[in-house]
Amino acid sequence: MSEPIKVPTMAEYMAEGKKPEVLFWVGCSGSFDDRAKKITKAFVKLLHNAKVDFAVLGTEESCTGDPAKRAGNEFLFQMQAMTNIEVLNGYEIKKIVTACPHCFNTIKNEYPELGGNYDIVHHTQFLKSLLDEGRLKVEGGKFKGKKITFHDPCYLGRANGEYEAPRDLLRKLEVELVEMRRCKSRGLCCGAGGAQMFKEPEEGQKDVNIERTEEALETQPSVIAAACPFCNTMMTDGVKGKEKENDVAVMDVAEMIANAEDL
Amino acid sequence: MEYLPNILFFILLAAGIGYFTFNIREVIRNIKIGREIDASDHKKERWNNVMRIALGQSKMVVRPVSGIMHIFVYVGFIIINIEVLEIIIDGIFGTHRILSFLGPVYDILIASFEILALLVLVGVIVFWIRRNIQKLRRFWAREMKGWPKDDANYILYFEMVLMVLFLTMNAADLQLQGINPHYVEAGAFPISGLISPLFDGLSEATLIAIERSAWWLHIIGILVFLNYLYFSKHLHIILAFPNVYFGKVVPKGKFKNLESVTNEVKLMMDPNADPFAAPAEDEADAEPDKFGASDVMDLSRIQLLNAYTCTECGRCTSECPANLTGKKLSPRKIMMDTRDRIEEVGKNISKNGEFKPDGKQLLDDYILREELWACTTCNACVEACPVSIDPLSIIMDMRQYLVMEQSAAPNELNVAMTNIENNGAPWPYNQMDRLNWNDEA
């Protein structure tokens, strides 16, 4: 294993009088969820590898308020948003990258009206730009020729119209990209959005993640690629529910790139 | 007596248009039950949407079969209206085929009306088969029982009959051209020319009877259909255009900001705010803003226009992850319930002069909490709607009411929200541990 990567915080940068190129907004999943932490680490490796000067807020970061807003609690959302905006503006943050489409959407679309204006990108968009600038090299590697299907996160795709960045990255890995029946603007939700992640589903015939996993499995992929920590959890659970966890992996696009490069 | 048909026609026309206008005014009054909303932004984008989505039917063709059939019926509806204009002039002045002076242009017009009429007929028959023989799932959902199902079929029958009458009229007319001087020799008849031989050998009087009956029934049918719109789901043929104009023009993921909350949160976070300050004079008696929506008066006028525009096609519901997996939520039902409640409130206003509380509301009496909580806010319904209806915004407003006015969120969500409040994450982890991932191998 290589040296542990030093992840600086904004507080440390501030103390040194430095400003990073970009702030990495880790998000609650990326910070606390065991599965999502692996995505965080993979993305950090990629940032480090591409020599991106980045920092995190660390203990000064707090939930963006997305689940609160979508549960209907506008008070709690705005309290969270304004607290975060005070911190971000205090550090004079201009550019943010996050691996969570929910954080991405909230900061991009719902923070400006509350005084938070940042240039925020999703990590797949950021990786794509690193690639275009030649700062990050992505080549076939481990996944070359493998069948991969990509599950569109609602808050990256439909909500913000980004369908191609993650797919471009997968193509760079020279995988065989197979689309599910419902994809891109008509992609089916994993079932976790709108604060569903934190509650039991209503009564029905099936769980949404099972429906989506079945659809993904129809394409007979070796990896279901995701770009959202919630989707990742839902699809992983779905694959386990179908007892396919030994044949099909659920991985974030960033993990796949880091993995392909053996970082 | 000579002018009797003209007078009769004029009375019918005036009554038909008059009653329709009366009802449309009621629709407008009912939409104004909703809260005012500023939609003066993004003018260029809004007009673009009208061109692309409404006039251009861009979202209809996402599903090619119904999309193309719908374009037949839609273009037919628009173009054949030129024919209706001629019928109206003829009816009032007792002329026949007044526009025939256009010569070759008239031939092209009539020929295209005929071809479109046939295409409309084909489209409508395909629609009927999809509904009643093929029984597509989206037409047989829970909310489609009774009136909504019948309503859809009545519309199809109406259109079938109107097209058949139009072609019959032309077929008889074609036979009469050259026999009776009143029937000017004009027009090209590619479709009714094929039906016309059926009338071979009929007497002139019979032909005139057929032609006149078809002509009268056709125009009466159109006037009846026009007035049927108000009572049916078919208002979309008019409202789709304004509705698309007022549709969402910001990214779908951007949910609206509640200004009233912003002011309070700012006050809360302002260290200089005086917590014991008396409210300003003009604010003292003002009723505080209600958060979210429990009834149609709490929704915006655009949301109510959405409800009147919905033609119950069910594309939203057939893409809804909750509905697909058997949950009670159906975005189409959200729109249908909203309209039903608007009309109930509207009748109440018509009867009492103003709204008298009737002990009912949109929440619980129409839309169930179980439906609202099943939504994943994935925007699939919004994306699917061919006329830019936003069922999600109503779901969100009603969730806001449940949470902020009633503290009635599902328990697990209350736990998650308490966690966010206390430790900045929906799970019970300490905020001080946020960077621990960095130390783990």
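Residues numbered from 1 in each chain as written. Chains lettered and ligands numbered in written order. Predicted model: local features only at pLDDT ≥ 70, side-chain atom pairs only at ≥ 80, totals over all residues.

Looking up chain B in an unreviewed UniProt entry gives the name Fe-S oxidoreductase, with the organism given as Marixanthomonas spongiae.

Per an unreviewed UniProt entry, chain A goes by the name CoB--CoM heterodisulfide reductase and belongs to Marixanthomonas spongiae.

K.L.:
Before we go on, may I ask you to explain the overall build of chain A in this structure?
P.N.:
What chain A contains, in helices and strands, is 11 helices and 8 strands. Taken over the C-alpha trace, chain A has a radius of gyration of 18 Å; the compact-globule value for 263 residues is 18 Å, and the two agree within 12%. Long-range pairs, those at least 24 residues apart, make up 78% of the contacts in chain A between residues at least 6 apart in sequence. (Helix = DSSP H or I, 4+ residues; strand = E, 2+ residues; numbered from the N terminus. Rg over C-alpha atoms; globule rule 2.2 N^0.38 Å. Contact = placed C-beta atoms within 7 Å.)

K.L.:
Just to check I follow, could you spell out the sheet that holds strand β4 (residues 119-122) of chain A for this structure?
P.N.:
Where strands meet in a sheet, backbone hydrogen bonds hold them as pairs that are either parallel or antiparallel. All names here are of chain A. Spatially, 4 strands are ordered β2-β1-β3-β4 in an open sheet, and the strand pairing comes out parallel. This sheet does not close on itself; its edge strands, each paired only once, are β2 (54-55) and β4. Pairing of strand β1 (residues 22-25) with strand β3 (residues 95-98), which is carried by 3 bridges, proceeds in the parallel orientation. Of the residues in β3, the one forming a bridge with W25 is T98. Across the sheet, helix α6 (residues 101-110) is in contact with β1, β3 and β4; its angle to β4 comes to roughly 160 degrees. (Pairing = 2+ DSSP bridges. Axes fitted to C-alpha atoms, helices over the stretch in contact; angles between N-to-C directions.)

K.L.:
For this particular structure, what's the right way to read the packing of helix α7 (residues 123-132) of chain A against helix α8 (residues 164-172) of chain A?
P.N.:
Two measures define how a pair of helices packs: the angle their axes make with one another and the distance between the axes. All names here are of chain A. Two elements in contact, α7 and α8, have axes whose closest approach is 8 Å; the angle formed by their N-to-C orientations is 50 degrees. Of the possible angle classes, the one that applies to α7 and α8 is oblique. α7 and α8 meet at a crossing whose hand is left-handed. Residues T124, Q125, L127, K128 and L131 of α7 form the contact with α8, whose own contacting residues are A165, P166, D168, L169 and K172. Here the residues of the contact of α7 with α8 sort into 5 nonpolar, 2 polar and 3 charged. (Parallel < 35°, antiparallel > 145°, perpendicular 65-115°, else oblique. Left-handed = near helix turned anticlockwise from the far one by under 90°. Nonpolar A, V, L, I, M, F, W, Y, C, P; charged D, E, K, R; others polar.)

K.L.:
Help me out: how do you make sense of the confidence of the model for chain B in this one?
P.N.:
The predicted coordinates should not be examined in detail at positions where pLDDT is low. In this model, chain B carries an average pLDDT of 94, and 98% of its residues clear a pLDDT of 70 or more. Predicted as a complex, the structure gets a pTM of 0.95 and an ipTM equal to 0.96. (pLDDT = per-residue confidence, 0-100.)

K.L.:
What am I meant to see in the domain arrangement of chain A here?
P.N.:
One widely used convention gives an interface's size as the accessible area the parts lose upon coming together. Residue and element names in this part refer to chain A. Taken domain by domain, chain A holds domain 1 (10-131) and domain 2 (137-260). For domain 1 and domain 2, the distance between their C-alpha centres works out to 22 Å. Taken together, the contacts link 28 residues of domain 1 with 29 residues of domain 2. Secondary structure elements with two or more residues in the side of domain 1 that touches domain 2: α2 (27-32), α3 (34-49), α4 (66-71), α6 and α7. The element that contributes the greatest number of residues to the side of domain 1 that touches domain 2 is α3, accounting for 8 residues. Its residues assigned to classes, the side of domain 1 that touches domain 2 shows 13 nonpolar, 8 polar and 7 charged. (Domains from an automatic or database assignment.)

K.L.:
I would appreciate a short explanation of the packing of helix α8 (residues 236-245) of chain B against helix α11 (residues 301-309) of chain B in the present structure.
P.N.:
Residues and elements named next belong to chain B. Relative to each other, α8 and α11 sit at 150 degrees, their axes nearing to 9 Å. What the angle tells us is that α8 and α11 run roughly antiparallel. Considering only the axes of α8 and α11, their crossing is left-handed. Between α8, through H236, L239, A240, P242 and N243, and α11, the contact on the second element is made entirely by L305, N306, Y308 and T309. Of the residues that constitute the contact of α8 with α11, the class distribution is 5 nonpolar, 4 polar and no charged.

K.L.:
Help me understand the sheet that holds strand β8 (residues 249-252) of chain A in this model?
P.N.:
Residue and element names in this part refer to chain A. Strand order in the open sheet made by the 4 strands is β6-β5-β7-β8, with parallel pairing throughout. Two strands bound the open sheet, and with one partner strand each, they are β6 (176-177) and β8. Of the strand pairs in this sheet, strand β5 (residues 147-150) and β6 are connected by 2 bridges, and their pairing is parallel. Bridge pairing links K147 to E176 in β6. Against the sheet, α8 makes contact with β5, β6 and β7 (223-226), and its axis sits at roughly 170 degrees relative to β5, the strand it touches most. Helix α10 (residues 229-241) contacts β7 and β8 of the sheet and is inclined by roughly 175 degrees relative to β8.

K.L.:
What should I look at first to understand the interface of chain B and chain A in this one?
P.N.:
With 55 residues of chain B at the contact, the number on the chain A side is 58 residues. Of all the elements in the fold, those that place two or more residues in the side of chain B that touches chain A are α9 (259-269), α13 (321-324), α16 (369-373), α17 (380-384), α18 (391-405) and α19 (411-423) of chain B. Tallied by class, the residues present in the side of chain B that touches chain A amount to 31 nonpolar, 13 polar and 11 charged.

K.L.:
How should I be thinking about helix α4 (residues 104-132) of chain B in this particular structure?
P.N.:
Residues that lie three or four places apart on an α-helix share one face, since the helix turns once every 3.6 residues. The terminal C-alpha atoms of α4(B) lie 42 Å apart, and with 29 residues this matches the ideal 42 Å at 1.5 Å per residue to within 8%. Each element contacted by the buried residues of α4(B) is listed here: α3 (64-93), α5 (147-176) and α6 (192-195) of chain B. (Expected span 1.5 Å × (residues − 1).)

K.L.:
Can you help me understand the UniProt feature "transmembrane region" (unreviewed entry) in chain B in this one?
P.N.:
Residues and elements named next belong to chain B. Taking the numbering used here, the UniProt-annotated feature "transmembrane region" (unreviewed entry) corresponds to residues 6-22, 68-89, 109-129, 154-172 and 213-231. Strand forms 0% of residues 6-22 and helix 100%; the C-alpha atoms that close the span are 24 Å apart. Within the segment residues 154-172, helix and strand shares are 100% and 0% respectively, and the terminal C-alpha atoms sit 27 Å apart. (UniProt positions renumbered as here; feature names shortened; annotations may be inferred.)

K.L.:
Where do I start with the nonpolar core in this structure?
P.N.:
Of all hydrophobic cores here, the largest spans 151 residues; its most connected members are L46(A), A225(A), M235(A), A254(A), I257(A) and M398(B). Per-element accounting of this core gives the leading share, 9 residues, to α18(B). Beyond its immediate chain neighbours, meaning those up to four positions away, A225(A) contacts I148(A), T149(A), F150(A), H151(A), L170(A), M251(A), V253(A) and M256(A). Formed by 30 residues, the second largest nonpolar core is a distinct cluster that contains M69(B), L116(B), A171(B) and F189(B). (Core = buried A, V, L, I, M, F, W, Y, C linked by C-beta atoms within 7 Å. Buried ≥ 20, exposed ≤ 12 C-beta atoms within 10 Å, placed from the backbone.)

K.L.:
Help me understand unusual backbone geometry, please; the structure alone is not making it clear to me.
P.N.:
For residues besides glycine, phi is generally negative; the peptide bonds are generally trans as well. Residues and elements named next belong to chain A. A positive phi angle, near 70 degrees, is found at A195, a position not held by glycine. Looking at where A195 falls in the secondary structure, it is placed in the loop between β6 and α9 (208-218). Judged by the 28 C-beta atoms lying within 10 Å of it, A195 is buried.

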